[in-house]
Amino acid sequence: MKTKEIICEYTMISFATIIVAAAVYFFMIPANVSVGSISGLSLILSNFIPLSVSALTMILNVGLLVVGFILIGKDFGVKTVYTSILLPTVMWIFEHVFPNNVSVTGDQTLDTVCYCFVVSIGLAMLFNRNASSGGLDIVAKLMNKFLRFDLGKAMSMSGMAVALSSILVYDRKSVVLSILGTYFCGIVLDHFIFGTTIKKRICIISEKHQQILDFIINTLHSGASCYKAYGAYSGIERDEINIIVNKQEYKKLMDYIQKTDPDAFVTVYAVTEIMYKPKTVK
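Let me begin by describing the structure that accompanies this report. Computed from a predicted model, the values in this text were never measured in an experiment. (Residues numbered from 1 in each chain as written. Predicted model: local features only at pLDDT ≥ 70, side-chain atom pairs only at ≥ 80, totals over all residues. Heavy atoms only, no water.)

So, on to unusual backbone geometry. Its identity as a non-glycine residue notwithstanding, histidine 221 has a phi of 55 degrees, on the positive side. Mapping histidine 221 onto the fold places it in the loop between helix 9 (209–218) and strand 2 (225–230). Judged by relative accessible area, histidine 221 falls into the exposed class, the value being 53%. (Helix = DSSP H or I, 4+ residues; strand = E, 2+ residues; numbered from the N terminus. Buried < 20%, exposed > 50% of the residue type's maximum accessible area, 1.4 Å probe, protein only.)

Take a look at the structure:
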């Protein structure tokens with residue numbers, strides 16, 4: 001990696017970490033909820049341990065950080081060391097610059113919703129750069145790597161225990177908001193991570209098979225896989241085209257199929273992850 005690329009990478013990671021810290025300090029803490037995260041656990045523990053949320057966040061990050069460094073990789077580990085130090089540092093600055101921290105919206109439910117939305121933006125930026133804010137993000141990354149869970153679902157599962165522990169400190173409404181917020185954060189996080197990169201897998205059976213294939217190769221400049229298939233009822237053998245496209249290609253291809261062969265049999269699936277070596281289509 002060149003120096004310029006490294007600077008740009010860490011600038012984006014720093015910006016994302018500041019977003020996460022702001023979400024915690026200005027939305028989660030005033031709302032008195034514990035949406036599943038190390039910061040949320042720190043918020044609960046601060047009721048029993050005479051330390052600030054920023055100090056507890058730093059302490060809890062250390063153990064998980066070592067695990068992440070060993071099991072996930074050096075690149076992830078180095079970036080997470082940086083964010084694990086930066087996150088509580090930014091929160092410490094917020095504590096001193098804005099000592100009288102009160103609810104921005106004046107409503108606990110709105111604060112929780114705003115936290116989920118804002119923190120998911122920051123976490124998605126970090127995960128997309130093979131980094132995390134530390135803590136339970138490391139647990140989620142481990143579940144993603146070894147168990148193949150989507151990051152959003154992994155965040156929800158690892159954070160639910162923290163959310164449930166809020167029953168020790170908060171009232172029933174806060175506990176319910178903590179649990180729902182943890183689940184909602186996972187959904188929003190998956191949207192920000194996969195929403196812009198999700199692709200479509202299209203299976204096409206058509207009498208105009210060759211025309212559609214020519215359109216895919218010569219107009220979309222893409223490749224496709226072709227299979228022989230036969231109908232169980234009719235027993236007639238037909239050619240089936242399988243292709244994976246992005247949003248723009250999807251619209252073009254579906255418009256062309258509708259115009260060329262309205263009777264074509266088409267099925268569409270969402271694809272969130274692809275592993276392949278791209279080829280240049282001449």
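Read on for the rest.
For the rest of this paragraph, the subject is helix 6 (residues 136–146). It helps to recall that an α-helix has 3.6 residues per turn; residues three or four apart then point in one direction. For helix 6, the full list of buried residues reads Leu136, Asp137, Ile138, Ala140, Lys141, Leu142 and Met143. With its phi angle positive at about 65 degrees, arginine 148 sits one or two positions after the end of helix 6.

A few words on the packing of helix 1 (residues 3–31) against helix 4 (residues 74–97). Look at helix 1 against helix 4: their axes get within 9 Å of each other, and the N-to-C directions meet at 45 degrees. Viewed along their axes, helix 1 and helix 4 adopt a mutual orientation that is oblique. Of the two possible hands of crossing, helix 1 and helix 4 adopt the one that is right-handed. (Axes fitted to C-alpha atoms, helices over the stretch in contact; angles between N-to-C directions. Parallel < 35°, antiparallel > 145°, perpendicular 65-115°, else oblique. Left-handed = near helix turned anticlockwise from the far one by under 90°.)

Pairs can form between side chains of opposite charge once their charged atoms are near each other. Tallied over the full model, the rule gives 4 salt bridges. A salt bridge links glutamate 9 to lysine 79; the nearest nitrogen and oxygen atoms lie 2.6 Å apart. Note that glutamate 9 is positioned in helix 1 and lysine 79 in helix 4, a separation of 70 residues in sequence. Classification of glutamate 9 as buried rests on a relative accessible area of 15%. (Salt bridge = Lys/Arg side-chain N within 4 Å of Asp/Glu carboxyl O.)

Of all hydrophobic cores here, the largest spans 40 residues; its most connected members are Ile29, Met91, Tyr115, Val119, Leu123 and Leu126. Residue assignment for this core shows that the elements contributing at least two residues are helix 1, helix 2 (38–45), helix 4, helix 5 (108–127), helix 6, helix 7 (151–165) and helix 8 (172–194). With 13 residues, the top contributor of residues to this core is helix 1. When near neighbours in sequence (up to four residues on either side) are disregarded, valine 119 contacts Val20, Ala23 and Cys185. (Core = buried A, V, L, I, M, F, W, Y, C linked by side-chain atoms within 4.5 Å. Contact = heavy atoms within 4.5 Å.)

So, about empty space enclosed by the protein. Over the atoms rolls a probe the size of a water molecule, and its path tells where empty space is left. Tallying each qualifying case throughout the model produces 1 cavity of 30 Å³ or more. The calculated volume of the largest cavity comes to roughly 210 Å³. Lining the largest cavity are 24 residues, with Ser37, Tyr115, Leu123, Asp137 and Met155 positioned closest to its centre. For the lining of the largest cavity, the secondary structure elements donating two or more residues are helix 1, helix 2, helix 3 (53–71), helix 5, helix 6, helix 7 and helix 8. (1 Å grid on protein atoms, 1.4 Å probe; cavity = no way out; pocket = protein on both sides within 12 Å on 5 of 7 lines; lining within 4 Å. Points joined across faces, edges and corners; volume = space filled by probe spheres on them.)

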